[in-house]
Amino acid sequence: MSRVSRQALRLPAYRRDPEGTHPPLDSPAYRSTALRHPKRPLVLLPQRLTEVTGPLLGPGRIGPQDNDLTRQHEDEPVGQRILVHGRLLDGDGGPVRNSLVEIWQANAAGRYRHIGDRWPAPLDPNFDGVGRTLTDDEGRYEFLTVKPGAYPWGNHDNAWRPAHIHFSVFGSAFTQRLVTQMYFPDDPLFDQDPIFNSVPDPKARERMISRFDLSRTVESWALAFEFDIVLRGREASVFEDEEDE
Amino acid sequence: MNLGSTPSQTVGPFLSIGLPWTDGPAVTADEGADTVWIKGVVSDGAGEPVPDALVETWQADRDGRFDHPDDPRGAVPGFRGFGRCPTEPDGSYAIRTVLPGALPGQAPHIDVSVFARGLLQRVVTRIYFPEHAEQHRTDPVLAAVPAGRRDTLIAVPTAGGYRFDVRLQGEGETVFFDV
């Protein structure tokens, strides 16, 4: 028996997302899942102290130009400048404040600055494709970057990934941790992409597509896209954790 | 209001341009006597190492407390509690930390997320420590795990710390949790 005395702890609880919101780990059309999806059933993890808390990663993680991917080198990167902005929200519509948002992406030619990316599109010496920022009190974030290109990959015949930006966010609890991808409206490659289509619910898939935002487009400078990220919300009421083992 | 959640997507093969931090593996900066390394290998269903994974850890401090407003016992500032390490070409990772204290009604443990190409969502597991065998008998999470698979959650002592391997699939498959 634990030497820590039992105590009733009032803990928040986070809603579980409806079936179909997230892709299954076993998703045969995306070949890399074949050897990497667990075959044994997942064990339900109750939400206790470790799961309802999470890392609070603040300003110490951010450098001055980290949210402007076009100014990280002496010269500007090649490509269409875009402002990507949005809000980090929980499922109840509340802002997730002062929270770290990290992005990474290919350059305008569709190539990542990574030793493993051998697709012979040009590298851009002025583009790393890495950004970080913190959400403000309203949960807002923004990045200035260039629109990433589509790129081929080896999943199936004539396979191309739709243009996308990878997003990593933490929320305020371990249960809210999310890595996702932001896509661009009306991409002709959606239909054949098994990663985009791994999400079973079509409405959920649409939540990964950014919205062209004319109101934030900067005259004679940059197009704008809006992308809100929604993390699971809290249950309506907290529950009493009775440590009922 | 209940907004639909944004779906999860894979980190892809090039996660290491955007996610790792220089100090990511150092959950604790100090080199105190109770500092331990947790090292292991992430492997796939063919037993091959996964060279493009990222391991993240989240844990309580030495006293079983979190630096977080939702710890109802009061936040205890100063311990990041979070570790992040990409795997090497040989599938290995290493996190430098301290053993967490016990939590009310639970044995000391560390929550772990693993991200990789081919994982459309992170997988989640827990690290427990062999010296707490007595507390493991009453731990509610271990109790929910089939007895024959619990050993996949128990770190193995090594010189300077512990070994904790993650097997995504196949023989000795690690227990993963639905959070």
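About the cut-offs
Residues numbered from 1 in each chain as written. Chains lettered and ligands numbered in written order. Predicted model: local features only at pLDDT ≥ 70, side-chain atom pairs only at ≥ 80, totals over all residues. Heavy atoms only, no water. Pairing = 2+ DSSP bridges. Helix = DSSP H or I, 4+ residues; strand = E, 2+ residues; numbered from the N terminus. Axes fitted to C-alpha atoms, helices over the stretch in contact; angles between N-to-C directions. Salt bridge = Lys/Arg side-chain N within 4 Å of Asp/Glu carboxyl O. 1 Å grid on protein atoms, 1.4 Å probe; cavity = no way out; pocket = protein on both sides within 12 Å on 5 of 7 lines; lining within 4 Å. Points joined across faces, edges and corners; volume = space filled by probe spheres on them. Nonpolar A, V, L, I, M, F, W, Y, C, P; charged D, E, K, R; others polar. Buried < 20%, exposed > 50% of the residue type's maximum accessible area, 1.4 Å probe, protein only. Contact = heavy atoms within 4.5 Å. Phe/Tyr/Trp six-rings, centres within 6.5 Å; stacked < 30°, edge-to-face > 60°. Lys NZ or Arg CZ within 6 Å of the ring centre and 35° of its normal. pLDDT = per-residue confidence, 0-100. Core = buried A, V, L, I, M, F, W, Y, C linked by side-chain atoms within 4.5 Å. UniProt positions renumbered as here; feature names shortened; annotations may be inferred. Buried area = accessible area lost by both parts, 1.4 Å probe.

A. Looking closely at the sheet that holds strand β5 (residues 130-134) of chain A. Residue and element names in this part refer to chain A. The strand order β5-β4-β9-β10 describes an open sheet built from four strands, whose pairing is antiparallel. Pairing within the sheet leaves two strands with one partner each, and these edge strands are β5 and β10 (178-183). The average angle at which neighbouring strand axes cross in this sheet is 20 degrees, direction not considered.

B. Looking closely at the pattern of salt bridges. Residues and elements named next belong to chain B. All told, the structure shown has 26 salt bridges over all chains when counted by the stated rule. Here Arg 80 ties to Asp 23 by a salt bridge, and the two come within 3.5 Å at their closest N and O atoms. Taken together, the residues span a long stretch of sequence, with Arg 80 in the loop between β2 (53-59) and β3 (82-86) and Asp 23 in the segment before β1 (35-43) at a distance of 57 residues.

C. Representation of empty space enclosed by the protein within the structure. Applying the stated criterion across every chain yields a total of two cavities of 30 Å³ or more. Of the pockets and cavities examined, the largest cavity occupies roughly 70 Å³. Around the largest cavity, the lining residues are Pro 55, Phe 170, Ala 173, Phe 174 and Arg 177 of chain A together with Glu 56, Trp 58, Phe 82, Ser 113 and Arg 122 of chain B. Counted by class, the lining of the largest cavity contains six nonpolar, one polar and three charged residues.

D. Seen up close, the environment of Pro 194 of chain A. All names here are of chain A. Relative to the assigned elements, Pro 194 resides in the loop between β10 and α2 (202-206). Residue classification places Pro 194 among the buried residues on the basis of a relative accessible area of 10%. Considered as a pair, Pro 194 and His 156 are 38 residues apart in the sequence and their alpha carbons are 9.6 Å apart. Look past the residues within four positions of Pro 194 in its chain and what remains in contact with it is Ala 29, Tyr 30, Trp 153, Asn 155 and His 156.

E. Structural detail: the packing of aromatic side chains. Residues and elements named next belong to chain A. Inspection of the entire model under this criterion finds 17 aromatic pairs over all chains. Seen in terms of ring centroids, Tyr 141 and Phe 167 are 5.6 Å apart; in terms of plane orientation they differ by 70 degrees. Their pairing is edge-to-face. Taken as a pair, Tyr 141 in strand β6 (residues 140-146) and Phe 167 in strand β9 (residues 164-169) lie far apart in primary sequence, 26 residues in all. We note that Tyr 141, like Phe 167, is buried. Members of the aromatic cluster, each reached through a chain of ring pairs, are Tyr 141, Phe 143, Phe 167 and Phe 227. Here the basic side chain of Arg 161 rests over the ring of Trp 153, its NZ or CZ set 5.9 Å away from the ring centre. The aromatic ring of Phe 170 is capped on one face by Arg 177, whose charged end is 4.1 Å from the ring centroid.

F. Inspection of the confidence of the model for chain B at higher detail. Looking at chain B, the pLDDT average stands at 96 and 100% of residues meet or exceed 70. For this predicted complex, the interface confidence comes out at an ipTM of 0.97, alongside a pTM of 0.96.

G. Quick peek at the pairing of strand β5 (residues 109-116) of chain B. Residues and elements named next belong to chain B. For β5, a buried count of eight out of eight residues is recorded, marking the element as mostly surrounded by other parts of the structure. Side chains His 109, Asp 111, Ser 113 and Phe 115 of β5 all project onto a buried face; the interleaved residues Ile 110, Val 112, Val 114 and Ala 116 project onto the opposite face, where all are buried too. Pairing of β2 with β5, which is carried by seven bridges, proceeds in the antiparallel orientation. If you follow Leu 54 over to β5, its bridge partner there is Phe 115. Bridge count for β5 against strand β6 (residues 123-128) is six bridges, and the pairing is antiparallel. Opposite Ile 110, over in β6, you have Ile 127 as the bridge partner.

H. A look at the nonpolar core. Of all hydrophobic cores here, the largest spans 28 residues; its most connected members are Leu 153 and Phe 177 of chain B. Only β1 (9-11) and α1 (49-52) of chain A together with β6 and α2 (140-143) of chain B provide two or more residues apiece to this core. Of all hydrophobic cores here, the second largest spans 27 residues; its members include Val 42, Ala 155, Phe 164 and Val 166 of chain B.

I. Structural context of unusual backbone geometry. Residue and element names in this part refer to chain A. Despite not being glycine, Asn 158 has its phi angle at roughly 50 degrees, a positive value. Take Asn 158: it is sitting in the loop between β7 (151-153) and β8 (159-161). On the basis of relative accessibility, which here comes to 64%, the residue Asn 158 falls in the exposed class.

J. Local environment of the side chain of His 68 of chain B. Mapped onto the fold, His 68 of chain B is located in the loop between β2 and β3. With a relative accessible area of 1%, His 68 of chain B lands in the buried category.

K. Broad picture of the pairing of β1 of chain B. All names here are of chain B. Both β1 and strand β4 (residues 92-98) contribute to a ladder of seven bridges, which runs antiparallel. Residue pairing in the sheet places Val 36 in a bridge with Thr 97 of β4. The pairing of β1 with strand β8 (residues 161-163) spans three bridges and is parallel. Pairing of Trp 37 across the sheet is with Gly 161, part of β8.

L. Up close: the confidence of the model for chain A. In this model, chain A carries a mean pLDDT of 93, and residues with pLDDT of at least 70 account for 93%. Below pLDDT 50 for its whole length, residues 1-7 of chain A participates in 18 contacts with residues either more than four positions away or in separate chains.

M. Expanded view of the UniProt feature "domain: Intradiol ring-cleavage dioxygenases" (unreviewed entry) in chain B. Here, the residues flagged by UniProt with the feature "domain: Intradiol ring-cleavage dioxygenases" (unreviewed entry) are residues 34-169 of chain B. Summarising residues 34-169 of chain B: 6% helix, 37% strand, and an end-to-end C-alpha distance of 33 Å.

N. Region of the structure containing the interface of chain B and chain A. Listed as interface residues are 77 residues of chain B and, on the opposing side, 94 residues of chain A. Together, the buried faces of chain B and chain A total about 7,200 Å²; carbon and sulfur atoms form 59% of this surface. The three residues of chain B that bury the most area against chain A are Gln 9, Phe 14 and Ile 17 of chain B, which together make up 11% of that side's buried surface. In this assembly, chain B and chain A are joined by seven salt bridges.

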